[in-house]
Amino acid sequence: MSNTTTTTADDIDKTRSTISDVDRQLLDLLATRRNLSLKVADSKIQAGRPVRDRDIERQSLVDMVRRGRDLGLDPHLVTKLFQGVIEDSVLLQQARLHARENSEDETDLRRVAYLGGEGSYSQAACRKYFTRRAGKLVEIGCNSFEEVLEKAESGEADHAVLPIENTTSGSISDVYDLLQHTGLSIVGEVTHKIEHCLLSADAGLLPGQVKTLYVHPQVHAQCSHFLARLGDVDVIYCESTSHAVEKAASAKSGAAAIASREAGALWGLFEIKSDLANQRQNHTRFIVVARKPAHVPETVPAKTTLMISVDQKPGALVDALTVFRDQGINMLKLESRPLHGNPWEELFYIDLLGNIRDQIMVEAVDTLARRARFLKVLGCYPSEDVIPTEVPAELLRENVKAASGPKSKAPEKAEDKKVAAAPKGWKLGSRAHKPDNTIIRVGNAVIGEGFTVMAGPCSVESEEQVMDCAEHVRAHGATILRGGCFKPRTNPYSFQGLGYEGLDLLKAAGDRHGLPIITEVLAPDQVTEVAKKSDILQIGARNMQNFPLLRLVGRANRPVLLKRGMMASLDELLQAAEYILSEGNRQVILCERGIRTFEPATRNTLDLSAVPLLKQMSHLPVVVDPSHAVGRRDMVIPMVRAAKAVGADGIIVEFHPKPEEALSDGPQALTFPMFEEMMAELV
Ligand code: PEP
Ligand code: MN
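Right, let's walk through the structure included here. Fair warning: this is a prediction, and the values are worked out from it, not measured in the lab.

What counts, and at which threshold
- Residues numbered from 1 in each chain as written.
- Chains lettered and ligands numbered in written order.
- Predicted model: local features only at pLDDT ≥ 70, side-chain atom pairs only at ≥ 80, totals over all residues.
- Heavy atoms only, no water.
- Near = heavy atom within 4 Å.
- Polar contact = N/O pair within 3.5 Å; in protein donor to acceptor, adjacent residues only side chain to side chain.
- Areas by Shrake-Rupley, 256 points an atom, 1.4 Å probe, with all protein chains shown as cover.
- Salt bridge = Lys/Arg side-chain N within 4 Å of Asp/Glu carboxyl O.
- Buried < 20%, exposed > 50% of the residue type's maximum accessible area, 1.4 Å probe, protein only.
- Helix = DSSP H or I, 4+ residues; strand = E, 2+ residues; numbered from the N terminus.
- Phe/Tyr/Trp six-rings, centres within 6.5 Å; stacked < 30°, edge-to-face > 60°.
- Lys NZ or Arg CZ within 6 Å of the ring centre and 35° of its normal.
- Axes fitted to C-alpha atoms, helices over the stretch in contact; angles between N-to-C directions.
- Parallel < 35°, antiparallel > 145°, perpendicular 65-115°, else oblique.
- Left-handed = near helix turned anticlockwise from the far one by under 90°.
- Contact = heavy atoms within 4.5 Å.
- Nonpolar A, V, L, I, M, F, W, Y, C, P; charged D, E, K, R; others polar.
- Donors = N, O, S within 2.8 Å, 3.2 Å for Na, K, Ca; no water.
- Patch = residues over 30% accessible without salt bridge, like charges linked within 9 Å, V, L, I, M, F, W, Y side chains within 5 Å.
- Lys, Arg positive; Asp, Glu negative; His and termini not counted.
- Charge placed at Lys NZ, Arg CZ, Asp CG, Glu CD.
- Disulfide = S-S within 2.5 Å.

Taken together, Arg482, Lys487, Pro488, Glu520, Gln538, Gly540, Ala541, Arg542, Lys563, Arg593, His628 and Glu654 are the residues near ligand 1. The side chain of Gln538 places a nitrogen or oxygen atom 2.9 Å from an oxygen atom of ligand 1. For ligand 1, whose free accessible area comes to 290 Å², the fraction covered by protein is 97%.

See below:
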């Protein structure tokens, strides 16, 4: 017995050491690949070619996915891995081109100031940015943002790295305010994923036992939901996360800090809890500043940041900003801060996509300077927003046989533009009010352009079920994940849904596969909570005329999918939409899901003529729910073809890994193979 155990332990050790060898080889290969990528950058410099060639990237990704599949590797893993490698390569090449343009190739020392010491997020961002650049990095940790800037201004540092905005807590006003008076220029940007952990010197401390908490104020804001649940704790604000961990390391028991895992490890702290930020996607964007402005080569995508103030008269800001619209320049961000010394006057910071040396930018800045009271270019720098290249969905599933049946073709949408007379009782949703189609964007999905597929189970039932569905949705080219958490069931004894627990599972599945989610909000008291996590709010057929609920979703900043009531006319549907629109929410999607007739062969009768009619009357997108309309899976795909043929903007459809075991609406759920067949026909 003991012999067997020893042999097994030895075997595991051996295998582990082989794995470590393989990992080292992977690292060596990544380093080799990086060097080759730099060679490519040099040839791009000579040929004047842009850094990115999407066709080449896509082709190499597709080749990798295919090769990976032959080796038994999951296409999603391969895609994610190579998207990371490509991003690194793009940023590396951009850095090379940028350095060449600014004669920085020969720099042997880079003295860089940032906030905090060992383990601070700024240090991590600084290392991330400068590892792609030549020269030995000399780090200068500072105690305040003022000190960081001072180091660069005085010449003690060549660069300073400063956080400027965070996806959870927003802009870092202190840094914006300091930029008002600095003579430094922005020469770079870098985005860093922030993962806040609760760290303590007591290994066994539970979050509820924390008495003293050391935290940076920005971090506090980003974790406010978690901290509100923590109860009575003495909060001690620190200048940086590295100061916070340092203090927690030497404090008495019951003390904890919030910082990165790496910072905790540096000070020998234990991780008590991770993932503390209010939003999972918690990223901070840092700017890199220097005394001399930099030039960005034309072949590298660039951003430009300006600072302006305008006269205090009606329309002055609008007049100034229309310059960008007129020149076709994309404005990425507009931030306003009080102007020091002039109470109630504002200074505006504007981020633009474009190179300050482009002719349109030169003209825009010139016009703007004439309209503004003050204008300063804070800098032009390479954009580090690397949009990942996607593998086409049909290539992710090559083993699925080609679509059978005729390809349906969406009709020309010229008809859509026919402007009807203003109807009685509702106006905001009408074409008379807004002739152009409303287009709604959530994450990478678009509704109102092309044919959008929202798919998933009727109800979220378990982690495994919803993850399985999400993986399938993504793999077969649908773009939005559906799943009911609060179920409107006719019978009070039927399964009512998993509630908020289900919503967390749905969100986790959506996050994992990069899919926005949609779920039904059944009662007014759920709106705020559901809107925090669900990208689209669904109003069910039974609630189409729940007016207080409609008003509340009208005040939420989330698109709303409004289902036609089972006994409602189109006019009533549009008046219900008007409740939402008139509260300010202009992102409404209309949904035809079948109405009650005398025909018992299907669950409801799908009123397909509603689609072209609604599109004539209204600018809102119209989708079809074939599942609830027919109630039987064998009729779903034909109705999907029909919906596309009559000009619907998409469908919302139910499918399930094991329809016979579904806790709701099993008979209408497509099986996985049917879903695949349907998608193969649509994509
Ligand atoms: C649903 O989509 O989960 C649903 C309950 O649909 P409807 O409101 O159309 O019945
Ligand atoms: Mn259902």
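Two side chains that carry opposite charge are able to pair once their charged atoms sit near each other. A full pass over the atoms with the stated rule returns 44 salt bridges. With a shortest N-O distance of 3.4 Å, Arg325 and Asp326 are connected by a salt bridge. Each of the two residues, Arg325 as well as Asp326, counts as exposed. Between Arg482 and Glu654 there is a salt bridge, with the nearest N and O atoms lying 3.3 Å from each other. One end of the pair, Arg482, is in strand β19 (residues 480–482); the other, Glu654, is in strand β25 (residues 650–654), with 172 residues separating them in the sequence. Exposure remark for Arg482: the relative accessible area of 3% places this residue in the buried category. Its relative accessible area of 1% is what places Glu654 among the buried residues. Within the structure, one salt-bridge network assembled from shared partners comprises Glu165, Glu189, Arg285, Lys303, Lys333, Glu335, Asp351 and Asp385.

Here the focus is the packing of aromatic side chains. Going through the model one piece at a time under the given rule, you end up with six aromatic pairs. Between Phe486 and Tyr500 the ring centres are 5.0 Å apart and the planes differ by 75°, which places this aromatic pair in the edge-to-face class. Here Tyr500 lies in helix α15 (residues 499–512) and Phe486 lies in the loop between β19 and α15, a separation of 14 residues in the sequence. Classification of Phe486 as buried rests on a relative accessible area of 12%. The class of Tyr500 is partly exposed, set by a relative accessible area of 35%. Geometrically, the ring pair formed by Phe655 and Phe675 is stacked, given 4.1 Å between the ring centres and 15° between the ring planes. Within this pair, whereas Phe655 is found in the loop between β25 and α22 (672–682), its partner Phe675 is found in helix α22, the two being separated by 20 residues in sequence. A relative accessible area of 0% means that Phe675 is categorised as buried. Within the aromatic cluster, the residues linked to one another by ring pairs are Phe655, Phe672 and Phe675. Positioned above the aromatic ring of Tyr129 is the side chain of Arg133, whose terminal nitrogen or guanidinium carbon lies 3.6 Å from the ring centre.

With that out of the way, let us pick up the packing of helix α11 (residues 316–327) against helix α12 (residues 359–371). Axis separation between α11 and α12 bottoms out at 9 Å; the angle between their running directions is 165°. Of the possible angle classes, the one that applies to α11 and α12 is roughly antiparallel. For the element pair α11 and α12, the recorded crossing hand is right-handed. Of the residues in α12, those in contact with Asp319, Ala320, Thr322, Val323, Phe324 and Gln327 of α11 are Ile360, Glu363, Ala364, Thr367, Leu368 and Arg371. For the contact of α11 with α12, the class distribution of residues is six nonpolar, three polar and three charged.

In this fold, Thr131 is placed in the loop between α4 (121–130) and β2 (136–142). Along the chain, Thr131 and Thr602 lie 471 residues apart, while their C-alpha atoms are 63 Å from each other.

On to α4, then. Within α4, seven of the ten residues are buried, which leaves it mostly tucked inside the rest of the structure. What α4 keeps buried is the set Tyr121, Ser122, Gln123, Ala125, Cys126, Tyr129 and Phe130.

Turning next to the coordination of the manganese ion (ligand 2). Looking at the manganese ion (ligand 2), the protein donor atoms are Cys458 (SG), His628 (NE2), Glu654 (OE) and Asp665 (OD), and they sit 2.0 to 2.4 Å from it. Positions of the donor residues of the manganese ion (ligand 2), expressed as sequence spacing, correspond to C-x169-H-x25-E-x10-D. Of this pair, His628 sits in helix α20 (residues 626–630) while Glu654 sits in strand β25, and the two are 26 residues apart along the sequence. The pair His628 / Glu654 is uniform in exposure class, with both members buried.

Our focus in this paragraph is the packing of helix α2 (residues 54–70) against helix α3 (residues 75–101). Between α2 and α3, the shortest axis-to-axis distance is 9 Å and the interhelical angle comes to 145°. You can see that α2 and α3 cross each other, and the crossing is right-handed. Touching Glu57, Leu61, Met64, Val65, Gly68 and Arg69 of α2 are Pro75, Val78, Thr79, Phe82, Gln83, Ile86 and Val90, all from α3. Residues belonging to the contact of α2 with α3 are distributed by class as follows: eight nonpolar, three polar and two charged.

Taken together, the side chains of Asp74, Glu463, Glu464, Asp468 and Glu471 make up a negatively charged region of the molecular surface. Among the structural elements, Glu464 can be located in helix α14 (residues 463–475).

Next up on the list: the state of the cysteines. Taken as a whole and judged by the stated rule, the model has zero disulfides. There is no disulfide at Cys126, and the cysteine sulfur nearest it, in Cys142, is 10 Å away. Residue classification places Cys126 among the buried residues on the basis of a relative accessible area of 0%.

Worth remembering: the numbers are spatial, not functional.
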